[in-house]
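Examining the three-dimensional arrangement
Listed below, chain by chain, are the residues.
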Amino acid sequence: MPLDSAYKYALDQYTGENWTESVAYLEVSLRLYRLLKDSEAFCNLNCSSVRLDSEERFSDFPELRVFGNIMKRAQCLKRCKQGLPAFRQTMPSRDTVDEFERREPYKFLQYAYFKVSFKQALHFCVQGLHVIQDWAWDVQARNDLITVNIDLVLFRTGGEGGRLNLLQMLFVRAVRAYNGDNFRTSVSDMELALRDFFKAYDECLAGCEGSREIKDFKDFYPSIADHYAQVLECKVKCESELTPVVGGFVVDKFVATMYHYLQFAYYKLNDLKNGVPCVASYMLFDPTDEVMKNNVVYYQYHKEKWGLSDEDFYPRAVSTAL
């Protein structure tokens, strides 16, 4: 079923106050949208390194080399998308995609949950609570009604843990372990949270290179420039879109904060080989932080004592992605 059709039917049922049917098709719409985004990311990630077999043949023809690589990648994407179900349906309109990117469907969904019978609401909320909280993560879109409704569902279902997705759950668990001086557990969970963040970040970047609806009649290069500007604008938003809200507050400098916890936890475990690169990674995000600058000086002063080399003061490779 095409995304446009499923979403339109869900909204028609919502308008007609057919809440159960509206919830069902809003869920279908969200799954179709997620499938489309995941499929876009999958193909773009798999085709990201595709290039001409012998680029040196075009060394005297730079324009041919550039567009040859573009065509090679386009060929890879076309072949990839032909094998995925998400691209066998009619593609959604730009207006529909914009609504999903603004997370508008969650507003309808959370209200429809409360209009179905309580027994059905429990069933839908237990299975779909993470969907509602994902929308609530978008602090720009949050309002008091949404927050009150989510808290009411959590109270009725006893589902406090359900409002955390895996990344947020790992982060919160790592912080709690850290505050309880259980540094080994904190390191383990924070490393998993960091890994999951970068995985989601890479998928978000790849998803930004998906389909684009072209309506304007423009020259070749301005058209490419406009498309590329849209892609960059989307990629810039990836970090903020993946930043969780904990206890009603956005985790400021989320990635840097994870490195901050890691460097001190590793220090408490006397594992400076792993701790010092976390300090260097943190400095990529906030090079003016006086505490971290002092930490670097402290570690450099004692580097012979702890058997540290100059390479240990380089940022961890994965942190350079941002």
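A brief structural summary. (Residues numbered from 1 in each chain as written. Predicted model: local features only at pLDDT ≥ 70, side-chain atom pairs only at ≥ 80, totals over all residues. Heavy atoms only, no water.)

**A short note on the layout of surface pockets**
- Approximately 910 Å³ is the volume attributed to the second largest pocket.
- Taken together, 25 residues make up the lining of the second largest pocket; nearest its centre are Ile70, Leu77, Glu209, Ile224 and His227.
- Mapped by element, the contributors of at least two residues to the lining of the second largest pocket are α2 (19–47), α3 (62–82) and α10 (220–241).
- Ranked by residue count, the leading element in the lining of the second largest pocket is α3, at eight residues.
- For the lining of the second largest pocket, the residue count by class is ten nonpolar, seven polar and eight charged. (1 Å grid on protein atoms, 1.4 Å probe; cavity = no way out; pocket = protein on both sides within 12 Å on 5 of 7 lines; lining within 4 Å. Points joined across faces, edges and corners; volume = space filled by probe spheres on them. Helix = DSSP H or I, 4+ residues; strand = E, 2+ residues; numbered from the N terminus. Nonpolar A, V, L, I, M, F, W, Y, C, P; charged D, E, K, R; others polar.)

**Regarding the state of the cysteines**
- Within the structure shown, the criterion is met by four disulfides.
- Linked covalently through their sulfurs, cysteine 43 and cysteine 80 form a disulfide whose S-S length is 2.1 Å. The disulfide joining cysteine 43 to cysteine 80 has a torsion of about -85 degrees about its S-S bond and is therefore left-handed. With a gap of 37 residues between them, cysteine 43 in helix α2 and cysteine 80 in helix α3 connect regions that are remote in the sequence. Like cysteine 43, the residue cysteine 80 is buried in the burial classification.
- The disulfide pattern of the chain is 1-4, 2-3, 5-8, 6-7 when the bonded cysteines are numbered in sequence order. (Disulfide = S-S within 2.5 Å. Buried < 20%, exposed > 50% of the residue type's maximum accessible area, 1.4 Å probe, protein only.)

**Let's talk about unusual backbone geometry**
- A positive phi angle, close to 65 degrees, is found at arginine 103, a residue other than glycine.
- Residue position: arginine 103 is located in the loop between α4 (94–101) and α5 (104–115).
- Taking relative accessible area as the criterion, arginine 103 reaches 17% and is therefore assigned buried.

**Here we look at the nonpolar core**
- Judged by nonpolar contacts, the single largest core of 40 residues is most densely connected at Phe171, Phe197, Met258, Tyr259 and Leu262.
- Looking at this core, the elements with two or more residues in it are α8 (166–179), α9 (183–207), α10, α11 (254–268), α12 (272–285) and α13 (290–301).
- At ten residues, α9 tops the list of elements feeding residues into this core.
- Within the second largest apolar cluster, 15 residues are counted, among which are Tyr7, Val23, Ala112 and Tyr113. (Core = buried A, V, L, I, M, F, W, Y, C linked by side-chain atoms within 4.5 Å.)

**Observations regarding the environment of arginine 316**
- For arginine 316, the location among the structural elements is in the segment after α13.
- With sequence-adjacent residues up to four places away left out, arginine 316 is seen in contact with Glu191, Leu194, Tyr259, Leu262, Tyr266, Pro277, Cys278 and Ser281. (Contact = heavy atoms within 4.5 Å.)

**Quick word on α13**
- Taking 1.5 Å per residue, twelve residues should reach 16 Å; α13 reaches 16 Å between its end C-alpha atoms and fits that length.
- Along α13, the residues that are buried comprise Met292, Asn295 and Tyr299. Summarising the axial view, the buried residues of α13 lie within an arc of 50 degrees, below the 170-degree limit, and thus occupy one face. Of the residues in α13, the exposed ones pointing more than 90 degrees away from the buried face are Val297 and Tyr301.
- Against the buried residues of α13 lie α11 and α12.
- Between the side-chain oxygen at the start of α13 and the backbone nitrogen of valine 291 there is a gap of 3.0 Å, and the oxygen is on aspartate 289. (Expected span 1.5 Å × (residues − 1). Arc of directions from axis to C-beta. Polar contact = N/O pair within 3.5 Å; in protein donor to acceptor, adjacent residues only side chain to side chain.)

**Here we look at the packing of α11 against α12**
- At a minimum axis separation of 8 Å, α11 and α12 run at an interaxial angle of 155 degrees. Relative to α12, α11 is oriented roughly antiparallel. Viewed along their axes, α11 and α12 form a crossing whose handedness is left-handed. Judged by residue contacts, Val255, Ala256, Tyr259, His260, Leu262, Gln263, Tyr266 and Tyr267 of α11 engage Leu272, Asn274, Gly275, Cys278, Val279, Ser281, Tyr282 and Phe285 from α12. (Axes fitted to C-alpha atoms, helices over the stretch in contact; angles between N-to-C directions. Parallel < 35°, antiparallel > 145°, perpendicular 65-115°, else oblique. Left-handed = near helix turned anticlockwise from the far one by under 90°.)

**Points about the environment of valine 175**
- The topology assignment puts valine 175 in helix α8.
- Its relative accessible area of 15% is what places valine 175 among the buried residues.
- For the pair formed by valine 175 and methionine 258, sequence separation is 83 residues and the distance between their alpha carbons is 9.2 Å.
- Setting aside residues up to four positions removed in sequence, valine 175 forms contacts with Met190 and Tyr261.

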